[in-house]
Amino acid sequence: MQVIDRISYRLPQELTSAVKSSIEDWQKNNKVKRLWDKDASLWTGDDEGKWLDWLHITSDQIKNIDALKKLAAEVKQEGFTHILLLGMGGSSLCPEVLSITFGKADGFPKLLILDSTDPQEVQTRLDAIDLKKTLFIVSSKSGSTLEPNIFKQFFFARAEEALGKGNAGKHFIAITDPGSKMEQVAKKDGFRHIFYGLPGIGGRYSALSNFGMVPAAASGIDVDRFLKNTQEMVESCSPAHPVEENPGVILGIILGVAARSGHDKLTLIASPAIYDLGAWLEQLIAESTGKQGHGIIPVDRESTGSPSTYGKDRVFAYIRLESDACTEQDKLVDALEKAGQPVVRISIPDIYHLGQEFFRWEIATAVAGSIIGINAFNQPDVEASKIVTRQLTDAYEKTGSLPAESPIFEENGIKLFTDETNAKAITQAVGSNKTLNGMIKAHLARLKPGDYFALLAYIEMNSQHEKSLQEIRHLVRDTRHEATCLGFGPRFLHSTGQAYKGGPNSGVFLQITADDKKDLPVPEQTYTFGVVKSAQARGDFQVLAERQRRALRVHLTGDVEAGLVRLKEAVRQALS
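Here the structure is a predicted model, which means the values were calculated and not measured.

The rules we used
- Residues numbered from 1 in each chain as written.
- Predicted model: local features only at pLDDT ≥ 70, side-chain atom pairs only at ≥ 80, totals over all residues.
- Heavy atoms only, no water.
- Helix = DSSP H or I, 4+ residues; strand = E, 2+ residues; numbered from the N terminus.
- Rg over C-alpha atoms; globule rule 2.2 N^0.38 Å.
- Buried < 20%, exposed > 50% of the residue type's maximum accessible area, 1.4 Å probe, protein only.
- Contact = heavy atoms within 4.5 Å.
- Areas by Shrake-Rupley, 256 points an atom, 1.4 Å probe, with all protein chains shown as cover.
- Lys, Arg positive; Asp, Glu negative; His and termini not counted.
- Charge placed at Lys NZ, Arg CZ, Asp CG, Glu CD.
- Salt bridge = Lys/Arg side-chain N within 4 Å of Asp/Glu carboxyl O.
- Pairing = 2+ DSSP bridges.
- Axes fitted to C-alpha atoms, helices over the stretch in contact; angles between N-to-C directions.
- Expected span 1.5 Å × (residues − 1).
- Arc of directions from axis to C-beta.
- Phe/Tyr/Trp six-rings, centres within 6.5 Å; stacked < 30°, edge-to-face > 60°.
- Lys NZ or Arg CZ within 6 Å of the ring centre and 35° of its normal.

Tell me about the overall build of the protein, and name the residues and values.
For the protein, the helix and strand inventory stands at 21 helices and 16 strands. The C-alpha radius of gyration computed for the protein amounts to 23 Å, which stays within 12% of the reference 25 Å derived for 576 residues, consistent with globular compactness. Judged by the C-alpha coordinates and their principal axes, the protein covers about 70 × 70 × 45 Å. Counting all 576 residues of the protein, 61% fall into the buried class. Taking as baseline every contact in the protein between residues at least 6 positions apart, the subset at least 24 positions apart corresponds to 80%. Summed over its atoms, the accessible surface of the protein is roughly 21300 Å², and 48% of this surface lies on carbon and sulfur atoms. For the protein, the distance from the average site of its 67 positive side-chain charges to the average site of its 73 negative ones is 2 Å.

Shown next, in the form of structure tokens:
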């Protein structure tokens, strides 16, 4: 029996009318068929048509399911205790969602993810595994992305130490596009397997391709069941169904119309057991729509508040897991709906229906991109940060140091950095109150109605750091009633970073960097993981400044946890 994740919505009258008009437009102009026919004129008429191979990937995977089943049996038989996936963005976020949501399967290794150049985070992953019993998956579509390459260099060298030269390759699998640099490396180093991506599927649309399904199979998820459930959604999103009954297209119309009407802060609320789905959705939505001054800003992991907490720029998506629903969330979402906020409800029977949501939201994002009027498949501003990072690491290779920089202010172990334009705006607003509290207050005062506040933290992503940062974001949200975002660097660079730089200039950014307790070398390179992370943070900030974003960098010296406590108190005082 076909079971499709249900969708319903309640919108303010003006949005209801606009959505109805858009539905009529999509039906009259045969736009769903044009999408499935890969008609680039549905977007900007550029190269969009060559990036839509994800439309048929689920059926392709089902046809070739034996390869995934064979991998699962092989991994189980080998007795690996851990799988460590080394990737960034589209190659790591879907596996992370599956790992957190499904947990460890009986008889299979535990799936861990590394998508950070923070040396402490790299060390934490190293400490969590037995090198002799770990299967490494190096996942990189292009094969040239900096982070997966240096992760591979680091862990391959460690594996050689533990297993002996010539034996490490048996513990490595590559997922990459045909002809990539990573394919060459994998062949040279004798990797156990190479699984290929499709050149016509961009990273953030690759969840149902090998980039998502190989780690899923290796960690014991029943990928046959998962994909067959997903195929039901694929068929429901086809041109055979009226627009108003198409579960992906209707969601995309709502999101696109809402964004054009000023409701551009898509606030994600997910049942606790599927909370990490938001991390994948963030990248898909932000990187696809946030460009040319337009876009949807996804808001993930913000605690749900009362209606008075929010402004008029939100649209809420409540993704409810029927098998593990939270009654408190239900009540809060009911209150938002009664208060007139736009609310979309999606009901998932069980976690094996997550694939339906991957596909539904991919369709919805493509549709929203068409309505907004942008190319939903490129990421022009992501490359800008990569270029600056490369320049900085190249400079380090030549000189042995990163360029010197001077703070605009320093107090109690916290240093503030920014560019000349932002420095002038902040110092003028501070006046004679040149204290840490005063500087933070001046920066936060730049938030205007309809803006959003984003914390960009280049520190280890762990529960204690996240708790402190969540407290800071909610201080801002609950005081200023503006949307708030939280991202850990450098992983958000391959996700929301595109929207922050290329989307609407409505963000106020607080970047956080810190001294590293210890650093780790990158084999075959002069630079270290700490140097790479610093270069990425500087590159990120430089591009934000070039895009005339309101940005301030806070550098914590000494103990990171103590620094976050001091920063939280400064924010509290600044908002009082």
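Now, about the pattern of salt bridges: what can you tell me, with residues and values included?
For the structure shown, the criterion picks out 39 salt bridges. A salt bridge links R34 to D39, with the nearest nitrogen and oxygen atoms 3.1 Å apart. For R34, a relative accessible area of 23% puts it in the partly exposed group. D39 sits in the partly exposed class, given a relative accessible area of 26%. Close ionic contact of D540 with K501 constitutes a salt bridge, the shortest N to O distance being 2.7 Å.

I'd like a description of the pairing of strand β12 (residues 414–417), backed by residues and values.
Relative to β12, strand β11 (residues 409–411) is paired through 3 bridges, and the arrangement is antiparallel. Counterpart to E410 in the pairing with β12 is K415. Linking β11 to β12, which pair antiparallel, is a turn of 2 residues; within it N412 sits at a positive phi near 55 degrees. Of the strand pairs in this sheet, β12 and strand β16 (residues 550–556) are connected by 4 bridges, and their pairing is antiparallel. Pairing of L416 across the sheet is with V554, part of β16.

Break down the sheet that holds strand β10 (residues 343–348) for me, citing the residues and quoting the values.
Here we have 5 strands laid out as an open sheet, ordered β1-β10-β9-β7-β8, and mixed in their pairing. Two strands lie at the open edges of the sheet, namely β1 (6–10) and β8 (297–299), each paired on one side alone. This sheet shows a mean twist of 20 degrees between the axes of neighbouring strands, independent of strand direction. Of the strand pairs in this sheet, strand β7 (residues 265–270) and strand β9 (residues 314–321) are connected by 6 bridges, and their pairing is parallel. If you follow K265 over to β9, its bridge partner there is R314. The strands touched by helix α14 (residues 354–372) within the sheet are β1, β7, β9 and β10, with β10 carrying the most contacts at an inclination of about 145 degrees.

Before we move on, can you summarise helix α1 (residues 13–28) with the specific residues and values?
Compared with an ideal rise of 1.5 Å per residue, which puts 16 residues at 22 Å, α1 spans 23 Å between its outermost C-alpha atoms and is within 8% of the ideal. What α1 keeps buried is the set L15, V19, S22, I23 and W26. Burial along α1 is one-sided: seen end-on, the buried residues are contained in an arc of 105 degrees. Facing away from the buried surface of α1 by more than 90 degrees, the exposed residues are Q13, E14, K20 and K28. Buried positions along α1 lie against β1, α2 (31–36), α11 (247–260) and α14. At the exit of α1 stands N30, carrying a positive phi of roughly 55 degrees.

Could you give an account of helix α7 (residues 146–163), with specific residues and numbers?
With 18 residues, α7 extends 26 Å from end C-alpha to end C-alpha; this agrees with the ideal 26 Å at 1.5 Å per step. Of all the positions in α7, only E147, P148, N149, I150, F151, K152, Q153, F154, F155, F156 and A159 are classed as buried.

I'd like a description of unusual backbone geometry, backed by residues and values.
Negative phi characterises most residues that are not glycine, and trans characterises most peptide bonds. The linkage connecting G489 with the following residue, P490, adopts the cis geometry, with an omega of 5 degrees. Relative to the helices and strands, P490 resides in the loop between β14 (483–488) and α19 (497–502). We note that K38 has phi near 65 degrees; this positive angle belongs to a residue other than glycine. One can find K38 in the loop between α2 and α3 (57–63).

Give me the sheet that holds β11: which residues, what numbers.
Spatial ordering of the open sheet is given by β11-β12-β16-β15-β13-β14, a layout of 6 strands whose pairing is mixed. Here the strands that pair on one side only, and so sit at the sheet edges, are β11 and β14. Across this sheet, the average inter-strand angle for adjacent strands is 20 degrees, counted without regard to direction. Bridge count between strand β15 (residues 507–514) and β16: 7 bridges; the pairing is parallel. Among the inter-strand pairings, F509 is bridged to a residue of β16, identified as A551.

Describe in detail the packing of aromatic side chains, supporting the description with residues and values.
Counted according to the given criterion, the structure contains 24 aromatic pairs. Their ring planes at 85 degrees and their centres at 5.5 Å tell us that F154 and F529 sit as a pair that is edge-to-face. Remark: F529 occurs in helix α20 (residues 529–546) and F154 occurs in helix α7; sequence separation between them is 375 residues. Both residues of the pair, F154 and F529, belong to the buried class. Members of the aromatic cluster, each reached through a chain of ring pairs, are F136, F151, F154, F155, F156, F172, F191 and F529. Above the ring of F156, the side-chain terminus of K152 is found at 4.2 Å from the ring centroid. In this structure, R553 is placed above the aromatic ring of F417, and the distance from its NZ or CZ to the ring centre is 4.3 Å.

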